[in-house]
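Coordinates in review
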Protein chains: 2
Amino acid sequence: MSSGRSVRAVGRPPVTSRTELEHVALTLFFTTGFEATTVKDIARTAGVSRRTFFRYYASKNDVAWGEFDEHLARFQAEFDAVPPSVSMATALRECILAFNDFTDDEVPWLRQRMALLLRVPALQAHSVLRYVAWCDIVAKFVARRTGFGAGTLVPQVIARGALATAVAAYERWLEHDEAPLREVLDAALSIWLRTGSISPAQGGWSSARGG
Amino acid sequence: MSSGRSVRAVGRPPVTSRTELEHVALTLFFTTGFEATTVKDIARTAGVSRRTFFRYYASKNDVAWGEFDEHLARFQAEFDAVPPSVSMATALRECILAFNDFTDDEVPWLRQRMALLLRVPALQAHSVLRYVAWCDIVAKFVARRTGFGAGTLVPQVIARGALATAVAAYERWLEHDEAPLREVLDAALSIWLRTGSISPAQGGWSSARGG
DNA sequence: GAGGTATTTGTCACCAGGTGCCACTATTCG
DNA sequence: CGAATAGTGGCACCTGGTGACAAATACCTC
C-alpha cells in the first residue's frame, strides 16, 4: 500500500526483491529446466541465501506464478465494470478475453511462462491451488447475476467450466502456434457456451473452428 | 494379466500388498490427518520398511487414489458400449453417472476418501495429474462422435468441462449432504449441458435446483 | 556521535518425501 | 544341494521447506 518509497525506511534494507528473484528463477527455469533448477541455484544466482528466497516466495512453485494474485485484481475490476444490460454469457466472454489480453511484446514471455505452468507436472498440479481465486471471482459474478449463492451448483459449475475452457485454450495455443491466443480463447469460449448442443448432426460446428 | 496365482511364484513372496498398504494408510489419514501421517508411520503400522512402501506406491499422494486407474477401465468400457443412436450429450451424462454409481455400503467409504482428495491441498493439487486419464477417455469419445481430433478444441473443452462439472458436484455433495451423490451429479450435468443459456431472465433455472 | 529500535539477512539444525544402491532373505526349479 | 529369481531392509543422499537465533544495516531520538 506504499505509493512512495520513504514511508517505511527504517530497518535493514532488502537485498533483493520478488521481481528480481522471479526474473532470476524464470531465466534458470527456461535454460536449465524447472526440475533441474534447485532453490539453492536460484538463491546463489541472485546473491542471496536459500532461507531468504523462502521469505519472498512460499515455495519454488510459486515463483513461476509471479504476481498472479495482483493480476487477479484486474479480473475482478473487469467484472465489476460490466453494466447490467450486458448478458451474462457475453460478460463472461468479454472479461475472460480481457483478462488474457496481452501486448505483443508480452506474448513471448507469456508463452514461456505458460509452457512452464502447463507442462511441468509439479506446476501443473500446483496450479489448482492458485486457480481457486480465479474461480471465486467468476463464481461470485455468476452468483450476483443468477441470485444463487456463490457456493451453490450453478455458479460453481459455470466458474469451473470457464476455467477448464481457458486452460484448454491455452494448451491448444501452446501446442499449435497457428492462431493468436485471443482467437483460440474466443473459439474455446464459443464451444463452451454451446456445450449443450454438441451433436455434429445438428450442424453448426464446422464454423466453430474445432481443429 | 495373471488370472490365477501360481503363474510366477518363484522368488521371495511379498510381505504386504497395495490393498493392505492402502487400508493402513487411509485409516491413519482419517484418524490422524493426511499431513500429520508420515510415510514412516504407514510403513511401521503395516510392518514394513519405508523403502518398501515406495515400491508399492510412487508417492504418499498416490495411496489416497487407490486403484483409480483400474476403475477407469470401467469408465472406458461404459463409453465403448454406447450405441450410436444415443446422442452425445445423453451418452456423456449416462456414462459419468454410471462411473460414479456406488452401492450404499460403499458410500461412507467414498465420502471419506473424496473428503481427503478434495480437501487436503497436497491431494487436491495432485489430482490434476490423475484426472488426465479420465479426461482422455471423455475427449476420445467426443472425438469419435464429432470427428475432431482428440487433441483439438472441441473434445478438450468438453472433456475438461465434464470433469469440472463432476468435481463441482462432488464438492457440493461433500459440503451439504442433503441429496444423494447421483442427484447432485445429475443436477450439475444438467447445468453444464445448458451452459449457454444461463441468464435467469430467460427462465428455467429454478427447476435446475441450483442451490 | 551514542544508543535504541525496527527490519532484513544468513546460518544452522531439522523434518519429510523420494531415490539409488547393495546386501540379504525367502522361495522355486534343476 | 546349489542356482536363479523376486521381494525386502538399510543406508546414504538429495531436495523442498520451516523454526530459531544471532548478525547486519538502516532510521530516529537524545
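1. Here we look at the protein's contact with DNA strand D
- If you check the shell around DNA strand D, you find 29 residues, and the closest are Arg 50 and Lys 60 of chain A together with Val 15, Thr 52 and Arg 55 of chain B.
- When the atoms of DNA strand D within 4 Å of the protein are grouped by moiety, sugar and phosphate amount to 54% of the total.
- Those elements giving two or more residues to the surface near DNA strand D turn out to be α3 (50-56) of chain A together with α3 (50-56) of chain B.

2. Re the confidence of the model for chain A
Residue and element names in this part refer to chain A.
- Averaged over all residues, the pLDDT of chain A is 91; the fraction at 70 or higher stands at 90%.
- The model gives residues 1-6 a pLDDT under 50, and that stretch makes 1 contact with residues more than four places away or in other chains.
- Within the model, pLDDT remains below 50 along residues 201-211, and this stretch shows 20 contacts once partners closer than five positions in the same chain are excluded.

3. Considering the protein's contact with DNA strand C
- Of all residues adjacent to DNA strand C, which total 29 residues, the nearest are Thr 52 and Arg 55 of chain A together with Arg 50, Arg 51 and Lys 60 of chain B.
- Of all DNA strand C atoms lying within 4 Å of any protein atom, the proportion belonging to sugar or phosphate reaches 56%.
- A distance of 2.7 Å separates a base oxygen of DNA strand C from a polar side-chain atom of Arg 50 of chain B.
- A distance of 2.7 Å is found between a phosphate oxygen of DNA strand C and a backbone nitrogen or oxygen belonging to Lys 60 of chain B.
- When residues of the surface near DNA strand C are traced back to their parent elements, those giving at least two are α3 of chain A together with α3 of chain B.
- Of the residues belonging to the surface near DNA strand C, the class tally is 11 nonpolar, 9 polar and 9 charged.

4. With respect to the pattern of salt bridges
- Inspection of every chain in the model, using the stated rule, returns 22 salt bridges over all chains.
- Two residues, Arg 44 of chain A and Asp 41 of chain A, come together in a salt bridge whose shortest N-O distance is 3.4 Å. With Arg 44 of chain A and Asp 41 of chain A both in helix α2 (residues 39-46) and 3 residues apart, the pair spans about one turn of that helix.
- With a relative accessible area of 23%, Asp 41 of chain A lands in the partly exposed category.
- The salt bridge involving Arg 119 of chain B is made with Glu 175 of chain B; its shortest N-O contact spans 3.6 Å. Taken together, the positions of Arg 119 of chain B in helix α7 (residues 107-119) and Glu 175 of chain B in helix α9 (residues 153-175) put the pair 56 residues apart, joining distant regions of the chain.

5. With respect to the interface of chain A and chain B
- With 42 residues of chain A at the contact, the number on the chain B side is 42 residues.
- Overall, the association of chain A and chain B removes approximately 3500 Å² of surface from exposure, summing both partners, and the carbon and sulfur fraction of that is 77%.
- Along the contact surface separating chain A from chain B lie 2 salt bridges.
- Its salt-bridge partner being Arg 160 of chain A, residue Glu 171 of chain B comes within 3.3 Å of it at the nearest N-O pair.
- Between the two partners, chain A and chain B, sit 3 residue pairs in polar contact (both at pLDDT 80 or more).
- At the level of elements, α6 (88-99), α8 (121-146), α9 (153-175) and α10 (181-193) of chain A are the ones that each hand at least two residues to the side of chain A that touches chain B.

6. As for the packing of α10 of chain A against α9 of chain B
- Here α10 of chain A crosses α9 of chain B at 55°, and the two axes come no closer than 9 Å. Regarding the angle of α10 of chain A to α9 of chain B, the classification is oblique. As for how α10 of chain A packs across α9 of chain B, the hand of that crossing is right-handed. For the pair α10 of chain A and α9 of chain B, the contacting residues are Val 184, Ala 187, Ala 188, Ile 191 and Trp 192 of chain A in the first and Leu 153, Val 154 and Val 157 of chain B in the second.

7. Digging into the relation of the copies chain A and chain B
- For the pair chain A and chain B, the superposition axis carries a translation of 0.0 Å, the fit reaches an RMSD of 0.0 Å, and the rotation angle comes to 180°. Taken together, these values place the two copies in the relation of a two-fold axis.
- In this assembly the copies share their binding face: 100% of the residues contributing to the interface of chain A also contribute to that of chain B.

Rules used throughout
- Residues numbered from 1 in each chain as written.
- Chains lettered and ligands numbered in written order.
- Predicted model: local features only at pLDDT ≥ 70, side-chain atom pairs only at ≥ 80, totals over all residues.
- Heavy atoms only, no water.
- Near = heavy atom within 4 Å.
- Helix = DSSP H or I, 4+ residues; strand = E, 2+ residues; numbered from the N terminus.
- pLDDT = per-residue confidence, 0-100.
- Contact = heavy atoms within 4.5 Å.
- Polar contact = N/O pair within 3.5 Å; in protein donor to acceptor, adjacent residues only side chain to side chain.
- Nonpolar A, V, L, I, M, F, W, Y, C, P; charged D, E, K, R; others polar.
- Salt bridge = Lys/Arg side-chain N within 4 Å of Asp/Glu carboxyl O.
- Buried < 20%, exposed > 50% of the residue type's maximum accessible area, 1.4 Å probe, protein only.
- Buried area = accessible area lost by both parts, 1.4 Å probe.
- Axes fitted to C-alpha atoms, helices over the stretch in contact; angles between N-to-C directions.
- Parallel < 35°, antiparallel > 145°, perpendicular 65-115°, else oblique.
- Left-handed = near helix turned anticlockwise from the far one by under 90°.
- Least-squares fit on C-alpha atoms with pLDDT ≥ 70 in both.

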